[in-house]
Amino acid sequence: MAKKESYDDMVKGLQTILNNMENNELPLEDLMKEYESGVKLINKLYKTLNSLEGKLTTIKENMEVELKNE
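Rules used in this analysis
- Residues numbered from 1 in each chain as written.
- Predicted model: local features only at pLDDT ≥ 70, side-chain atom pairs only at ≥ 80, totals over all residues.
- Heavy atoms only, no water.
- Buried < 20%, exposed > 50% of the residue type's maximum accessible area, 1.4 Å probe, protein only.
- Helix = DSSP H or I, 4+ residues; strand = E, 2+ residues; numbered from the N terminus.
- Expected span 1.5 Å × (residues − 1).
- Contact = heavy atoms within 4.5 Å.
- Core = buried A, V, L, I, M, F, W, Y, C linked by side-chain atoms within 4.5 Å.
- Salt bridge = Lys/Arg side-chain N within 4 Å of Asp/Glu carboxyl O.

Backbone geometry at Asn24 places phi at a positive 60 degrees, although glycine is not the residue there. Classification of Asn24 as exposed rests on a relative accessible area of 70%.

Let's shift gears to helix H2 (residues 28-69). Look at H2: 61 Å from first C-alpha to last across 42 residues, which is about the 62 Å you get at 1.5 Å a residue. Those residues of H2 that sit buried are Glu34, Gly38, Leu41, Leu45 and Thr48. Lining the buried residues of H2 we find helix H1 (7-22).

For the rest of this paragraph, the subject is the nonpolar core. With five residues, the main nonpolar core is built from Met10, Leu14, Ile17, Leu41 and Leu45. Within the residue set of this core, elements represented by two or more residues are H1 and H2. Excluding residues within four positions of it along the chain, Leu45 makes contact with Tyr7, Met10, Val11 and Leu14.

Moving on, we get to the pattern of salt bridges. By the definition in use, this model includes three salt bridges. Taking the shortest distance from any N to any O, the salt bridge between Lys44 and Glu5 comes out at 3.6 Å. Taken together, the residues Lys44 in helix H2 and Glu5 in the segment before H1 connect sequence positions 39 residues apart. By relative accessible area, which is 42% here, Lys44 ends up partly exposed. Residue class for Glu5 comes out partly exposed when judged on its relative accessible area of 37%. For the salt bridge of Glu29 with Lys33, the shortest nitrogen-to-oxygen distance reads 3.7 Å. Here the residue Glu29 and the residue Lys33 both occupy positions in helix H2, the gap between them amounting to four residues, near one helical turn. Accessibility expressed as a relative area gives 55% for Glu29, which makes it exposed.

As structure tokens, then:
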């Protein structure tokens, strides 16, 4: 089973991709590969953020219910 990448690791990976693309030394084919990798990472980041947002919403709702019952 592969280890799940942390959010911070994914952000660092995306920054590396951006740096590689901005240095203007890559051939077009490599730029396209970097772009594709970047899009995949962005999608993973969005999924992670959405998951965390859902967890935070659940925690908030549970806290509100607990406060009302006190």
